[in-house]
Amino acid sequence: MELYLDTADVAAVKRLARILPLQGVTTNPSIVAKGGVPLWDVLPALQEALGGEGKLFAQVIAPQAEEMVKEAQQLSARVPGLVVKVPTTAEGLAAMKQLKILGIPTLGTAVYGAAQGLLAALAGAEYVAPYVNRLDAQGGDGIAMVQDLQQLLTLHAPHSKVLAASFRTPHQALSCLLAGCEAITLPLDVAEQLLGTPAVNAAIATFDKDWQGAFGSLTL
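Residues numbered from 1 in each chain as written. Predicted model: local features only at pLDDT ≥ 70, side-chain atom pairs only at ≥ 80, totals over all residues. Heavy atoms only, no water.

**Some words on the packing of aromatic side chains**
Thought 1: A full pass over the atoms with the stated rule returns four aromatic pairs.
Thought 2: Ring centres 5.1 Å apart and planes at 85° place the aromatic pair Tyr 4 and Phe 57 in the edge-to-face group. Of this pair, Tyr 4 sits in strand β1 (residues 2-6) while Phe 57 sits in strand β3 (residues 55-59); the two residues are 53 residues apart in sequence, bridging distant segments of the chain. The same class applies to Tyr 4 as to Phe 57, namely buried. (Phe/Tyr/Trp six-rings, centres within 6.5 Å; stacked < 30°, edge-to-face > 60°. Helix = DSSP H or I, 4+ residues; strand = E, 2+ residues; numbered from the N terminus. Buried < 20%, exposed > 50% of the residue type's maximum accessible area, 1.4 Å probe, protein only.)

**Some details on the pattern of salt bridges**
Thought 1: One pass over the structure, following the stated rule, counts four salt bridges.
Thought 2: With a shortest N-O distance of 2.8 Å, Arg 15 and Glu 192 are connected by a salt bridge. Note that Arg 15 is positioned in helix α1 (residues 10-17) and Glu 192 in helix α10 (residues 188-195), a separation of 177 residues in sequence.
Thought 3: Relative accessible area serves as the criterion here: at 33%, Glu 192 is assigned to the partly exposed category.
Thought 4: Here Lys 55 and Glu 126 are joined by a salt bridge, their closest N and O atoms 3.8 Å apart. Within this pair, whereas Lys 55 is found in strand β3, its partner Glu 126 is found in the loop between α6 (114-122) and β6 (127-130), the two being separated by 71 residues in sequence.
Thought 5: For Lys 55, a relative accessible area of 23% translates into the label partly exposed. (Salt bridge = Lys/Arg side-chain N within 4 Å of Asp/Glu carboxyl O.)

**Some details on the nonpolar core**
Thought 1: In terms of nonpolar packing, the biggest core is built from 56 residues, with Phe 167 and Cys 176 touching the most fellow members.
Thought 2: With five residues, helix α4 (residues 65-78) is the single largest residue contributor to this core.
Thought 3: Once you skip the residues sitting within four places of it in the chain, Phe 167 turns out to touch Val 132, Asn 133, Gln 172, Ala 173, Cys 176, Ile 184, Thr 185, Leu 186, Pro 187 and Val 190.
Thought 4: The next biggest cluster of nonpolar side chains, apart from the first, holds eight residues, and it includes Val 83, Ala 129, Leu 163 and Ala 183. (Core = buried A, V, L, I, M, F, W, Y, C linked by side-chain atoms within 4.5 Å. Contact = heavy atoms within 4.5 Å.)

**What to know about helix α9 (residues 170-178)**
Thought 1: Listed as buried for α9 are Pro 170, Gln 172, Ala 173, Ser 175 and Cys 176.
Thought 2: Those residues of α9 that are buried lie in contact with α7 (132-137), α8 (142-156), β7 (161-164), β8 (183-186) and α10.
Thought 3: Phi turns positive, to about 105°, at Gly 180, one or two residues after α9.

**As for the environment of Leu 56**
Thought 1: Tracing the sequence through the fold places Leu 56 in strand β3.
Thought 2: Residue Leu 56 is classed as buried on the basis of its relative accessible area of 2%.
Thought 3: Note: C-alpha distance between Leu 56 and Glu 192 (136 residues apart in sequence) is 21 Å.
Thought 4: Residue contacts for Leu 56: discarding those within four places in its chain leaves Val 25, Leu 43, Leu 46, Gln 47, Leu 50, Val 79, Leu 82 and Val 83.

What follows is the structure, encoded as structure tokens:
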């Protein structure tokens, strides 16, 4: 299983990389724009926050396949090992096919349907990113779509991995893992929810109180 953070917040990545078994960081144009730091500055900073290891994901902006390929080549040259996120549109699929030939790894992003995700995998995408909560918000069933997509990839494109994205709750992320997804990317608030369980904190507070009451300190 691969666990990623979906953010461009360098300080948060550095803090959580000490705690979580992260494989890397995913970004998208909106995330980078919200952070206000240019992409060419934030990617090296994120890599450093991961301790110089870990996989980074960054997305092309161009709408046409030829320009997508050029931007992907730029990204790959500037950040070796980076996975290029390409929207799973008609032009994006054409770009994925070309990038596969060039040996540049891609992720098919903005996936709202299982068939769309399968096409990205068949076009050569190493990862496919279904948008779980965004589909739910539109009245669909994000988890059911992920289940269908995972089954399709297992049957017809086992070289590709589902990298489930767009979560609002930890339950959504865990449901994707139970569906067989090999990778998920968590927004910071969902990652924090996984770490901060009130019942756990209450139990530890009781342990501390009882120990201190018996022995007068909080040391062994």
